Amino acid sequence: MIYFDNSSTTRPDESVLESFIAANMKYYANPASLHVFGREAEALLKRSKEQMLTLVDNESGEVVLTSGGTEANNLAILGLAEAYSTRGNHIITTQIEHPSIINACRKLEEIGFEVDYLGVDAQGLISLEELEKKLRKDTVLVSIMHVNNEIGTIQPIGQCAELVKKNSRAIFHSDCVQSFGKLPVSMESAGMDAITISAHKINGLKNSGALLLKKGVMPHAINFGGGQENGLRSGTVSVPNAVAMAKAMRISSVQIERADYREWRSLLMEACRSYENIRILSPECGAPHILSLSFKSINGEVAVNYFQEQGIIISTSSACSSKSKSAGHVIEAIGLEKKFKNGVIRISFGNTTTKDEIGEFIKVLKSFMELIERGIN
Ligand SMILES: Cc1ncc(COP(=O)(O)O)c(C=O)c1O
């Protein structure tokens, strides 16, 4: 089978699994324990976090380990909004964020925060002018994702952070789950205060992620217990998870801006352009590993099933929305024409993808389009 669903999740790298097992066997002690095993585990945890921070150009910062991108995003939104609420109660985000950002913002609205959800154009891009206009004295937090998980739009996060710093006292957070390991992510040069990373999107382990914070940026805790992770995330810290995540980050960092992904994506786009009944939803200059397209008057599920029968795994717009019957919030936000709304699929590359697989996809696409044109769907 050909696996083109790497934006949902990736196959763990063997060396990541080996590191995880080795760390489990030798450094299984609780890093909060005072004995020698605990101190050794703590030292390894510290080294792993230092590596993570170096890889995002944030040496003096902090890492809060979480159960993944969802929890890190929840901590960013709920924890930072509460921690800085003495400055105000206004938050800015976008209409196309992952549900772990949008639903956390909705929760804050219930307790009195005011949230502006920036709209996007047909390519999924926000407007910097609109962001500037919305910034206020009482804006406490701005959260704008780097790469959109459904269509691959890359937001100009450096420019966003600059505007935020110039026009407000707000903290700037970015969900970098889909960008880390694919594009350069530098907290220092982009001026970001907090970013989210998830290990399973970069050939690491599921249920493992982190919120990386600039020095001095401190959210309030959103879970309570023994006060681990500087009081920000209670629960026994998994040193092997930290080791495995640092390893996955190291491996993926040397693979950024892959020219082959760009070439393959262009080949697929070119093939799609020869069919009138296909709309390409991803911007030309989007993330190199994501291509989203839509079939006119066809259900995305029909396409997913057809491709699967032919040995190719793809997804509808995203794993989170794949079981929902309505078009997702991203598809609504980009204003896709009605006839194309239900036919969205996403192809996402990973480090197992080959050029031959791209050729195979183009062949299967041709046969699918022939079937559609004959009215069989
Ligand atoms: C952009 C984005 N943010 C957050 C998440 C959530 O990450 P996790 O699955 O690690 O909770 C995802 C996962 O699909 C994502 O694509």
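Residues numbered from 1 in each chain as written. Predicted model: local features only at pLDDT ≥ 70, side-chain atom pairs only at ≥ 80, totals over all residues. Heavy atoms only, no water.

## Observations concerning the overall build of the protein chain
- For the protein chain, the count of helices and strands is 12 helices and 12 strands.
- The C-alpha atoms of the protein chain give a radius of gyration of 21 Å, which matches the 21 Å a tight globule of 377 residues would have.
- Principal axes of the C-alpha set define a box for the protein chain whose edges measure 70 × 50 × 35 Å.
- Residue pairs in contact within the protein chain that sit at least 24 positions apart in sequence constitute 72% of those at least 6 positions apart.
- Summing over all exposed atoms, the protein chain offers an accessible surface of approximately 16,300 Å²; the carbon and sulfur share of this is 51%.
- Each charge class in the protein chain can be summarised by its mean position, and for the 40 positive and 43 negative side chains these summaries are 1 Å apart. (Helix = DSSP H or I, 4+ residues; strand = E, 2+ residues; numbered from the N terminus. Rg over C-alpha atoms; globule rule 2.2 N^0.38 Å. Contact = heavy atoms within 4.5 Å. Areas by Shrake-Rupley, 256 points an atom, 1.4 Å probe, with all protein chains shown as cover. Lys, Arg positive; Asp, Glu negative; His and termini not counted. Charge placed at Lys NZ, Arg CZ, Asp CG, Glu CD.)

## With respect to the site of the ligand
- Near the ligand, the surroundings consist of 13 residues, among which Gly 69, Thr 70, Asp 175, Ser 198 and Lys 201 are the closest.
- Take Thr 70: an N or O atom from its side chain is 2.7 Å from an oxygen atom of the ligand.
- Between an oxygen atom of the ligand and a side-chain N or O atom of His 200, the distance comes to 2.8 Å.
- Here the ligand, which alone exposes 400 Å², has 87% of that area covered by the protein.
- With 3 residues, the top contributor of residues to the shell around the ligand is helix α3 (residues 69-83).
- Classifying every residue of the shell around the ligand gives 2 nonpolar, 9 polar and 2 charged. (Near = heavy atom within 4 Å. Polar contact = N/O pair within 3.5 Å; in protein donor to acceptor, adjacent residues only side chain to side chain. Nonpolar A, V, L, I, M, F, W, Y, C, P; charged D, E, K, R; others polar.)

## A word on the nonpolar core
- Counting residues in hydrophobic clusters, the biggest one holds 61 residues, and the most contacted among them are Met 52, Val 56, Leu 131, Val 142, Phe 172, Ile 195 and Leu 212.
- Residues from two domains meet in this core; each of domain 1 (2-8 + 257-373) and domain 2 (14-253) gives at least three.
- Those residues within four positions of Ile 195 in sequence are excluded, and the remaining contacts are Val 56, His 173, Ser 174, Cys 176, Val 185, Met 187, Ala 210, Leu 211 and Leu 212.
- Among the nonpolar cores identified, the runner-up in size contains 29 residues, and Phe 4, Leu 268, Met 269 and Leu 291 belong to it. (Core = buried A, V, L, I, M, F, W, Y, C linked by side-chain atoms within 4.5 Å. Buried < 20%, exposed > 50% of the residue type's maximum accessible area, 1.4 Å probe, protein only. Domains from an automatic or database assignment.)

## Things to note about helix α6 (residues 157-167)
- Taken together, the buried positions of α6 are Ile 157, Cys 160, Ala 161, Leu 163 and Val 164. Relative to the axis of α6, the buried residues are bounded by an arc of 160 degrees and lie together on one face. Looking at α6, the residues exposed on the side facing more than 90 degrees away from the buried face are Glu 162 and Lys 166.
- Each element contacted by the buried residues of α6 is listed here: α5 (128-134), β5 (139-143), β6 (171-175) and α7 (187-190). (Arc of directions from axis to C-beta.)

## Brief notes about a nonpolar patch on the surface
- A grouping of Tyr 28, Val 36 and Phe 37 is seen on the molecular surface, where their side chains present a nonpolar patch of about 330 Å² in accessible area.
- Here Val 36 is to be found in helix α2 (residues 36-55).
- Of the residues examined, Val 36 reaches a relative accessible area of 46% and is grouped as partly exposed. (Patch = residues over 30% accessible without salt bridge, like charges linked within 9 Å, V, L, I, M, F, W, Y side chains within 5 Å. Salt bridge = Lys/Arg side-chain N within 4 Å of Asp/Glu carboxyl O.)

## Things to note about the domain arrangement of the protein chain
- In terms of domains, the protein chain is made up of domain 1 (2-8 + 257-373) and domain 2 (14-253).
- Centre-to-centre, using C-alpha coordinates, domain 1 lies 28 Å away from domain 2.
- Across the boundary between the two partners, domain 1 contributes 27 residues, which contact 26 residues of domain 2.
- For the domain 1 and domain 2 pair, buried surface summed over both sides reaches about 2,100 Å², with 55% attributable to carbon and sulfur atoms. (Buried area = accessible area lost by both parts, 1.4 Å probe.)

## Remarks on the packing of helix α9 (residues 259-273) against helix α12 (residues 355-373)
- One can describe the packing of α9 onto α12 by two numbers: an axis separation of 10 Å at closest approach and a directional angle of 10 degrees. When the axes of α9 and α12 are compared, the pair comes out roughly parallel. Residues Glu 263, Trp 264, Leu 267, Leu 268, Ala 271 and Cys 272 of α9 pack against Lys 355, Ile 358, Phe 361, Ile 362 and Leu 365 of α12. (Axes fitted to C-alpha atoms, helices over the stretch in contact; angles between N-to-C directions. Parallel < 35°, antiparallel > 145°, perpendicular 65-115°, else oblique.)

## Structural notes on empty space enclosed by the protein
- Across all of its chains, the model carries 2 cavities of 30 Å³ or more by this definition.
- Class assignment of the residues belonging to the lining of the largest cavity gives a composition of 3 nonpolar, 7 polar and 3 charged.
- Two domains share the lining of the largest cavity, each providing at least three of its residues, namely domain 1 (2-8 + 257-373) and domain 2 (14-253).
- Lining the second largest cavity are Asn 6, Ser 7, Thr 10, Gln 178, Lys 182, Lys 201, His 289, Phe 349 and Gly 350.
- Classifying every residue of the lining of the second largest cavity gives 1 nonpolar, 6 polar and 2 charged. (1 Å grid on protein atoms, 1.4 Å probe; cavity = no way out; pocket = protein on both sides within 12 Å on 5 of 7 lines; lining within 4 Å. Points joined across faces, edges and corners; volume = space filled by probe spheres on them.)

## Structural notes on the sheet that holds strand β4 (residues 114-118)
- Strand order across the open sheet formed by 7 strands is β2-β8-β7-β6-β5-β3-β4, with mixed pairing between neighbours. The strands lining the two open edges of the sheet, one partner per strand, are β2 (62-66) and β4. Each strand of the sheet is rotated relative to its neighbour by a mean of 20 degrees, with strand direction disregarded.
- Summarising the sheet, β6 and strand β7 (residues 194-198) pair through 3 bridges and their orientation is parallel. Residue Asp 175 lies in a different strand from β7, and its bridge partner there is Thr 196.
- Strands β5 and β6 of the sheet are contacted by α6, whose axis makes an angle of about 160 degrees with β6. (Pairing = 2+ DSSP bridges.)

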